[in-house]
Amino acid sequence: MTKITLVEAVTQALAYELAHDENVLVLGEDVGLNGGVFRATDGLQARFGANRVMDTPLAESMIAGLTIGMAAQGLRPVAEFQFMGFSYPGLDNILNHAARLRNRTRGRLHCPAVFRMPFGGGIHAPEHHSESTEALYAHIPGLQVVIPSSPARAYGLLLAAIRSPDPIIFLEPKRIYRLVKQEVPDNGVALPLEKAFVLREGSDVTLISWGASMHETQQAADTLAQMGVTAEVIDVASIKPLDTATLVNSVNKTGRCVIVHEAARSGGVGAEIAAQIGEKALFSLLAPIQRVTGYDTTMPYFKLENSYIPSVAQIIHAVNLTLEFS
Amino acid sequence: MTKITLVEAVTQALAYELAHDENVLVLGEDVGLNGGVFRATDGLQARFGANRVMDTPLAESMIAGLTIGMAAQGLRPVAEFQFMGFSYPGLDNILNHAARLRNRTRGRLHCPAVFRMPFGGGIHAPEHHSESTEALYAHIPGLQVVIPSSPARAYGLLLAAIRSPDPIIFLEPKRIYRLVKQEVPDNGVALPLEKAFVLREGSDVTLISWGASMHETQQAADTLAQMGVTAEVIDVASIKPLDTATLVNSVNKTGRCVIVHEAARSGGVGAEIAAQIGEKALFSLLAPIQRVTGYDTTMPYFKLENSYIPSVAQIIHAVNLTLEFS
Amino acid sequence: MTIANFAIEYYQYLKPDGTLCQPLPKGLDNNALLELYRLMHLLRMFDGRAINLQRVGKLGTYASTLGQEAIGVAMGHAMYADDVLVPYYRDYGAQYQRGVAFHKILQYWGGDERGSDFDNAEDFPICVPIASQSVIATGVATAIKYRQQKRAVVTTIGEGGTSEGDFYEALNVAGAWNLPVVFVVNNNQWAISVSREQQTHCQTIAQKAIAAGFSGEQVDGNDAIAVHERMRLALEKARSGGGPTLIEAITYRLCDHTTADDANRYRPKEELDMAWQVEPLVRLRAYLTAQKVWDDSKEEALLLECRKDIDKDVDIYLSIKPAPVTDMIDYMYAEWPEALKEQRATLLQFGGSPHD
Amino acid sequence: MTIANFAIEYYQYLKPDGTLCQPLPKGLDNNALLELYRLMHLLRMFDGRAINLQRVGKLGTYASTLGQEAIGVAMGHAMYADDVLVPYYRDYGAQYQRGVAFHKILQYWGGDERGSDFDNAEDFPICVPIASQSVIATGVATAIKYRQQKRAVVTTIGEGGTSEGDFYEALNVAGAWNLPVVFVVNNNQWAISVSREQQTHCQTIAQKAIAAGFSGEQVDGNDAIAVHERMRLALEKARSGGGPTLIEAITYRLCDHTTADDANRYRPKEELDMAWQVEPLVRLRAYLTAQKVWDDSKEEALLLECRKDIDKDVDIYLSIKPAPVTDMIDYMYAEWPEALKEQRATLLQFGGSPHD
Ligand SMILES: Cc1ncc(C[n+]2csc(CCOP(=O)(O)OP(=O)(O)O)c2C)c(N)n1
Ligand SMILES: Cc1ncc(C[n+]2csc(CCOP(=O)(O)OP(=O)(O)O)c2C)c(N)n1
Ligand SMILES: [Mg+2]
Ligand SMILES: [Mg+2]
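Calculation notes
Residues numbered from 1 in each chain as written. Chains lettered and ligands numbered in written order. Predicted model: local features only at pLDDT ≥ 70, side-chain atom pairs only at ≥ 80, totals over all residues. Heavy atoms only, no water. Contact = heavy atoms within 4.5 Å. Buried area = accessible area lost by both parts, 1.4 Å probe. Salt bridge = Lys/Arg side-chain N within 4 Å of Asp/Glu carboxyl O. Helix = DSSP H or I, 4+ residues; strand = E, 2+ residues; numbered from the N terminus. Domains from an automatic or database assignment. Polar contact = N/O pair within 3.5 Å; in protein donor to acceptor, adjacent residues only side chain to side chain. Donors = N, O, S within 2.8 Å, 3.2 Å for Na, K, Ca; no water. Pairing = 2+ DSSP bridges. Axes fitted to C-alpha atoms, helices over the stretch in contact; angles between N-to-C directions. Parallel < 35°, antiparallel > 145°, perpendicular 65-115°, else oblique. Left-handed = near helix turned anticlockwise from the far one by under 90°. Least-squares fit on C-alpha atoms with pLDDT ≥ 70 in both. Near = heavy atom within 4 Å. Areas by Shrake-Rupley, 256 points an atom, 1.4 Å probe, with all protein chains shown as cover. Nonpolar A, V, L, I, M, F, W, Y, C, P; charged D, E, K, R; others polar.

Across the contact, 49 residues belong to chain B and 49 residues belong to chain A. Summed over both sides, the interface of chain B with chain A buries roughly 4000 Å², with 57% coming from carbon and sulfur. At the boundary of chain B with chain A, the tally comes to ten salt bridges. Note that Arg265(B) is salt-bridged to Glu279(A), the shortest N-O span being 3.6 Å. The set of elements that each furnish at least two residues to the side of chain B that touches chain A consists of helix H4 (91-98), helix H5 (101-104), helix H6 (134-138), strand E13 (257-264) and helix H10 (269-281) of chain B. The greatest single-element share of the side of chain B that touches chain A, amounting to seven residues, is contributed by H10(B).

Residue and element names in this part refer to chain A. If you check the domain split of chain A, you get domain 1 (3-183) and domain 2 (197-325). Carbon and sulfur atoms make up 58% of the surface buried where domain 1 meets domain 2, a total of about 2100 Å² over both sides. In this structure, Glu262 engages Arg175 in a salt bridge whose closest nitrogen and oxygen atoms are separated by 3.5 Å. Connecting domain 1 to domain 2 are 13 residue pairs in polar contact (both at pLDDT 80 or more).

Once that is clear, we can look at the coordination of the magnesium ion (ligand 4). Six octahedral donors around a metal ideally sit at 90 or 180 degrees from one another, while four tetrahedral donors ideally sit at 109.5 degrees. For the magnesium ion (ligand 4), every protein donor is listed as Glu159(D) (OE), Asn188(D) (OD1) and Trp190(D) (O), and the spread of their distances is 2.0 to 2.2 Å. Each donor residue of the magnesium ion (ligand 4) lies on the same chain, and together they follow the pattern E-x28-N-x1-W.

Turning our attention to the sheet that holds strand E12 (residues 238-240) of chain A. Residue and element names in this part refer to chain A. Across the sheet, seven strands lie side by side as E3-E2-E4-E5-E7-E6-E12; this open sheet has mixed pairing. If you trace the sheet from one side to the other, it starts and ends with strand E3 (53-55) and E12, each paired once. Pairs of neighbouring strands in the sheet enclose a mean axial angle of 20°, with direction left out of account. Bridge count between strand E2 (residues 24-28) and strand E4 (residues 76-80): five bridges; the pairing is parallel. Within E4, the position partnered with Leu25 by the bridge is Pro77. Packed onto the sheet, helix H1 (residues 6-20) meets E2, E3, E4, strand E5 (114-119) and strand E7 (168-173) and runs at close to 135° relative to E2.

Residues and elements named next belong to chain B. H10 packs onto helix H9 (residues 244-254) with a crossing angle of 60° between their chain directions and a minimal axis gap of 10 Å. Between H9 and H10, the crossing angle belongs to the class labelled oblique. At the point where H9 passes H10, the crossing takes the right-handed sense. Across the interface between the two elements, Thr244, Leu247, Val248, Val251 and Asn252 of H9 pack against Ile273, Gln276, Ile277, Lys280 and Ala281 of H10.

For the rest of this paragraph, the subject is the relation of the copies chain B and chain A. Once chain B has been moved 0.0 Å along the axis and rotated by 180°, it coincides with chain A to within an RMSD of 0.0 Å. Within this description, the copies of the chain are treated as partners about a two-fold rotation axis. When you check the interface residues of chain B against chain A, 100% turn up at the interface there too, and the contact is symmetric in its surfaces.

Time to look at the environment of Ala70(D). Residue and element names in this part refer to chain D. In this structure, Ala70 sits in helix H2 (residues 69-78). Distance from Ala70 to Val182, taken between C-alpha atoms, is 17 Å for residues 112 residues apart in sequence. Excluding residues that lie within four positions of it along the chain, Ala70 makes contacts with Met40, Met75, Gly221, Asn222, Asp223, Ala224, Val227 and Pro280.

Surveying the vicinity of ligand 1 reveals 21 residues, the closest of which are Glu60(B), Tyr88(C), Tyr89(C), Arg90(C) and Trp190(C). What surrounds ligand 1 is not a single chain but chains B and C. Here a nitrogen atom of ligand 1 sits 3.4 Å away from a polar atom, N or O, in the side chain of Gln82(B). Interatomic distance of 2.7 Å between a side-chain N/O atom of Tyr89(C) and an oxygen atom of ligand 1. Protein coverage of the free-state accessible area of ligand 1, which is 580 Å², stands at 97%. Here the residues of the shell around ligand 1 sort into ten nonpolar, six polar and five charged.

Okay, the side chain of Thr162(C) next. Take Thr162(C): it is sitting in the loop between strand E3 (153-158) and helix H6 (165-176). With sequence-adjacent residues up to four places away left out, Thr162(C) is seen in contact with Ile157(C), Phe167(C), Val185(C), Ile205(C), Lys208(C) and Tyr168(D).

Note on sheets: strands pair through backbone hydrogen bonds, and any given pair is parallel or antiparallel. Residue and element names in this part refer to chain B. Here five strands make up an open sheet; going across it, the order is E9-E11-E10-E13-E14 and the pairing mixed. Every other strand in the sheet has two partners, leaving strand E9 (197-200) and strand E14 (290-294) as the edge strands with one partner each. Averaged over neighbouring strand pairs, the angle between their axes works out to 25° when direction is ignored. Where strand E10 (residues 205-209) and E13 come together, three bridges link them in parallel fashion. Bridge pairing links Thr206 to Cys257 in E13.

See the structure below:
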């Protein structure tokens, strides 16, 4: 089997569902002939036709509303926002309708839609192309927010998202779109949506992250291992709802916790995780939870973005703080 | 001096600034002759003219963008979104421009704008009129988010917001728009924007809240006092940035903390507060921090809204949990 | 060099005095007109009752349709059952004909989500965030087009709402994709306190369709015949692949914006008086009377019948048992996520008993 | 009954073969045309250099203006210094004339915010979130109107961007408030891979102004003379209280969307070949040569002079010292809030040395 990248796994999942369910449609700006600006929909229009893989006019609120209308009719639309930084005009429809359709009709209608978007920095992109505002979506009741951080999880989680009867925000960490390749069997097997993934077991500290920062987090764990510190590494994957049990169990075991995310610190998803661990595992904590995050500033243009994105050194420093705490 | 309500204090602050600074303008849907649907701008158009108090077409993204353009020209526009639930179409411009204008031009331009909106439930309003999504705004770097919970703080904080050289999201808890009256001298004296207000000192537990929930929080403190428990009550007021020092100092003193907010729990501002207290006062905590919040559901229509809004009983229960913790 | 020309047409059949200004469209015989007349009366009476319920504290804020009955009623009558309605909040006339009982409408404004769980499988509930319904309607239309069905989508909006970007984005995609959707604008001259003239510099709202490359037209929205006929044609066009239409129906909001509003603060009294001269019921009654198919005794009987119908629905509404508080949780997801189950327990502990 | 009529006009002076189809507008003499020609060359050369810098890793993604030089250059030339420009990302031709040095434009695309701290106190920086510039421009215009100044605002957008709700909301308020703003659409036929025809069903983009009740017109966007004259008139109208204008400039994106794009994936080769036949520089050169004010030796001298200018700016760009990492914090607020000071310390500890 050939190995594929994360973005190729996205394409593979889309192709699988397009082939197996005629209710599945893909739509967005430039997703057709151009295959999306990251090529996530490469070849899909050629294979499935322009009525299944649709280039929309340039209007994100419309894309959101259109998707909701289609979903309410029982289709399973997968909409792409070209970059997270351009998703906000769609927020109103997502928050006020997608997230509520089932509830406000008491189940008469529902919204089995997926909203995909690449997010995060680190690819030397222009202004507004490097956002990590997953916390905005994660706060909205009625949504589920899922972030894959490996090709296999991209494939399995995207399948699950498309098959879900409820709206899913599917955030793709573009910095690791092509970072690693993995064998991902195209077997149509979905992964569970509400689960965190323990990527590595350890007993000294729990490292919690998601998306592209998983990369630095795992590197930090490698380095720590060489220093004799075994870290348990958890990919949250589902930032809404959180698989609190998995996180708490780990911290109960290790007594130390470092949360890593690229998004701005204040009100980031790390805060919710820290709060929940504080609620459920307070007296297991041997040291305050550390958050290694982006700053409360706009993501800088690319010349300074590496200074913004949490680094391996920062993670290790934070782990050391938890270890040294007396 | 006559006593005035919170919403009247808003009007008084607007009138004061309109009278004293010709760069101040008020704009929004129905803010003119109608005086706003809550009468927050009552009489202002008659007094200051339709070129200072402007009814806009019905378009929130435009209202946001218009406000930014005006502010960049050195005006001090105060825009009203009629309800928080209708503010989302404006989010894109607020996040991508208002919050960034100074930074992305390295100070060449800036955005001294105020975006006012009534928020929260409890007034038996129709669907979509009872939102508490302050966490969305509070996560956006470059914004300050301020919430008054008394007439005096409404007046003083709104003056400060209008005079601020940077964009302020000013959230008005409509449930308490007319709940209490207070003497509020119209002296043009602003309150500091970055400060939490200790409303009541106590030594057994710290109660932290903002907006309309301050009401139940203070009631709970009253009841607790009768039970012999002295609660320190803090009105956060500035939910972005947080006056962490005031919050942490209090918890260091009391050892117990209950955070109350009406917004949905997951990713609410309570999470950030809990996380920061966990970081800075972990070993002062005698019990896990309790969050008394709305549920992770859409704010229900008004028949069920009282079951959603945190109640005095819930707050007292939470305090008891912190007290009983062993 | 002129490279493009556009014209906006205006349609009217029944003048305010009850005489025709052009022959009746075929298909609309007296029986059909009697039915439209009956429905308008029913709606107006329902409307008055709802306002009364609100005044005595038995209903929340309510948006009246007074004076605008011809639009909803004619629109609903022209639609087929398998068309889809994506309404705004003044479409009870259409909703009623499509399976939405009046007690459901009361329930909705009574603060109970179950009001939107009505007897129509596909129609959307009332939309409050203005203009979002427009883009959603294009999605419904896209689904219909994808499945190659011969059905149309109708979506409505106030003239104020046409200033929203969503309205335009919807028109634009409907034009670009030739979608089977009819956009109906209830131009009742006011958006709360903002007048039609303050809202937009357009001579007509209809011409906003020109920005999307398809046809818009104006119709006398107090003329049930005209609204019906233009709707019928637009629906037919949509169902048969002819694409979208924008219909601006000129009417007047004889009521306050909602029961939470006091229009006396901003609306000139003379304007209101003049609007009462052209309202939709009187003229249709005049026509039917001239046709000798209507008289005072029939009117009396009709009013009685309407009252009975509405009494029944009001009774149902008032007797509805409160929903369990857990309803606010149980419909959020197909299944309430495991991770959130604790919250359900908290709600059960503290949510109190259901309110009524 | 027809109640409204609209027409869209098209304007051209200079045909692709370099001959006039109508007399030169007064005010534009040969000297002015020579200046426009010079600026277009300078811009095209800058553009090529920027692409080269990107190819060798000295610049980030860059949006080229190839083929669209007449728009920015003529627009910038027609504006007064105290007008305000709220641009999108293909307006270097105008920005350059308004105090934005080429090295600032390079710095912007080079990933450095200081590129938007340029020598113009009021103009906005390049706008990336499409169509948000349109609404912001209406705010600038509102400020100007409020202060009763005789100034105009110019804002630009691509034809794809006109599908955004923000564009329409901006037109609508500009019409409703009679704002001094000129909306210029660079219709280069493509929005990345989405063609003009897929984007909207409109015959013209100009007609979108009809939806806002003011006039829109089409101009040959490869004809610097036509763009200049129509801009001049629209600006004059705006400054003198005549309200907004929409100008659709028809051109072609001879380049890829940006350096991150490969237009060969979607753009027909024949279309590109045809577009090269009507591009803006050749025709103006033909005209000036026929006027005997231009010849090969002048062309050579001009190119040399342009190269020198651009070399200088590229050198400045390449020699700029990296910004301190704390810049990302220090410009967020007038003063970095007390409550966030810890974060500044963390940045100083871990931000590393500035990158270049
Ligand atoms: C997005 C949004 N903004 C604001 C509101 C508040 N609001 C409710 S109705 C209304 C006026 C609507 O006027 P119009 O579209 O003309 O419809 P009408 O009520 O006159 O039928 C406003 C501003 C809303 N519901 N949604
Ligand atoms: C709101 C928003 N959505 C999407 C994008 C991504 N994007 C950048 S340019 C572009 C195409 C723009 O086409 P057009 O408006 O015709 O301008 P052109 O680039 O052709 O000059 C898109 C989709 C964006 N920048 N902003
Ligand atoms: Mg109206
Ligand atoms: Mg284009």
